[in-house]
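So the chains spell out like this:
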Amino acid sequence: MSRTATAAAPRGRKAQQGRSGSSAALRKPQRRPLTLGRVLTYAALTLGAVVVLFPVYFGFIGSFMGPADINAYPASLWPFNGFRAENFAGALDSIPLARQYLNSVVMAGLITLGQLVTSLMAAYALVFLKVRGKAFWFALFLCSMMVPAEAIIIPNYLTMSSAGLINTIPALVLPFLAHGFGIFLLRQAFMSFPLELWEAAKIDGAGHLRFLLSVLVPLSKPTLAALGIWSFLSAWNMYFWPLLVTQTPQMQTIQIGITQLRSADNFNAGLVLAGTVLAIIPTLLLVIFGQRFIVRGLTAGSIK
């Protein structure tokens, strides 16, 4: 081996070590200096989190408090006299809360399923089918979102009453099986897909239904999840319509049942908080575990 090659070998190793060292240095995260602005930002975010989460915390803790703790002044933030599960048992015994809870689950589940199906069909037709006046129909769907819900409550009630559906599950569900927001959201998601997908599916012999279920639905899972979570939360929190079309406690929903726990003669805040905790558990679980789907679904059609 020549002296030139021998001398070049250490230089090559040193250069390689230098490159590896520089890449390691690049991979090492750089800590940003702690400035006054960052401290104020973190303090403001922490304060905002405390303000938002405090009612949730007090609701959960208050549901386990006895009258002595919950009526203390200043307010007690911990059940010093021991945790009491009697509030939940009392809430379940005072009204048919379990049946109302089931009614809410069935109502919200059917509305969510209906809005997913109708939104899928309508959005597919607006994007992949040759329909005359697509722009008009899409504008009509958008206009339906601008109509206040209070403006159509009387026509909906008269329709349910004339059909003999008052005080039934169909009366709770039927007026909400379709919504313009779901059609808009899925249409925007479908428009982000290239039309070559549909052409390739036709060459393979796939029809419209197979293409929708085998190609578009798997690709649109984040959007569908976001729409499903939004539909379920909206249906779960409905109050005025279930109050209007139900007549017996056995057909009412959990939101109405909570208000029945309040008694003017013998008001027990622990019972009300226990019922409220039971009502918000599904919504909290959906928000906690479905947050990433909501963000991904709402931004799915923003970038082509």
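Now for a quick tour of the structure. (Residues numbered from 1 in each chain as written. Predicted model: local features only at pLDDT ≥ 70, side-chain atom pairs only at ≥ 80, totals over all residues. Heavy atoms only, no water.)

Here the focus is the packing of aromatic side chains. Following the criterion strictly, the structure yields 14 aromatic pairs and no others. Relative to phenylalanine 211, the ring of tryptophan 198 has its centre 5.1 Å away and its plane inclined at 50 degrees; by these criteria the two rings are tilted. Linking tryptophan 198 in helix H10 (residues 196-203) with phenylalanine 211 in helix H11 (residues 208-219), this pair joins segments that are 13 residues apart in sequence. For the pair tryptophan 198 and phenylalanine 211, one class covers both residues: buried. Ring-pair connections join several aromatic residues into one group, and the members of that group are Tyr124, Phe128, Phe190, Phe193, Trp198 and Phe211. The ring of phenylalanine 138 has arginine 187 sitting right over it, with the charged end atom 3.8 Å from the ring centre. (Phe/Tyr/Trp six-rings, centres within 6.5 Å; stacked < 30°, edge-to-face > 60°. Helix = DSSP H or I, 4+ residues; strand = E, 2+ residues; numbered from the N terminus. Buried < 20%, exposed > 50% of the residue type's maximum accessible area, 1.4 Å probe, protein only. Lys NZ or Arg CZ within 6 Å of the ring centre and 35° of its normal.)

Our next topic: the nonpolar core. Residues Leu97, Met107, Ile111, Val245 and Ile254 are the most contacted members of the largest nonpolar core, which totals 27 residues. Elements that contribute at least two residues to this core include exactly helix H4 (86-94), helix H5 (97-128), helix H7 (153-162), helix H8 (169-173), helix H12 (221-236), helix H13 (240-245), helix H14 (254-260) and helix H15 (269-298). It is H15 that provides the largest number of residues to this core, a total of five residues. Beyond its immediate sequence surroundings of up to four residues, methionine 107 is in contact with Leu172, Val173, Ala235, Met238, Pro242 and Thr253. Within the second largest apolar cluster, 18 residues are counted, among which are Val127, Trp198, Leu216 and Leu224. (Core = buried A, V, L, I, M, F, W, Y, C linked by side-chain atoms within 4.5 Å. Contact = heavy atoms within 4.5 Å.)

Looking now at H12. Taking 1.5 Å per residue as the helical rise, H12 with its 16 residues ought to reach 22 Å, and the 22 Å between its terminal C-alpha atoms agrees with that figure. Among the 16 residues in H12, twelve count as buried, and that is most of the element. The set of residues buried in H12 consists of Pro222, Thr223, Leu224, Ala226, Leu227, Gly228, Ile229, Ser231, Phe232, Leu233, Ala235 and Trp236. (Expected span 1.5 Å × (residues − 1).)

With that settled, consider the pattern of salt bridges. Applying the stated criterion across every chain, the model contains one salt bridge. For glutamate 199, the salt bridge identified is with lysine 202, shortest N-O distance 3.7 Å. Taken together, the residues glutamate 199 and lysine 202, both in helix H10 and three residues apart, mark about one turn of the helix. (Salt bridge = Lys/Arg side-chain N within 4 Å of Asp/Glu carboxyl O.)

Attention shifts here to the environment of glycine 182. With respect to the helices, strands and loops of the structure, glycine 182 is situated in helix H9 (residues 180-191). Put simply, glycine 182 and valine 117 are 65 residues apart on the chain and 9.7 Å apart in space, counted from C-alpha to C-alpha. Not counting the four nearest positions on each side in its chain, glycine 182 is found in contact with Ser119 and Leu227.

Once that is clear, we can look at the side chain of serine 220. Mapped onto the fold, serine 220 is located in the loop between H11 and H12. With residues up to four places along the chain from it excluded, the contact list for serine 220 reads Phe190 and Phe193.

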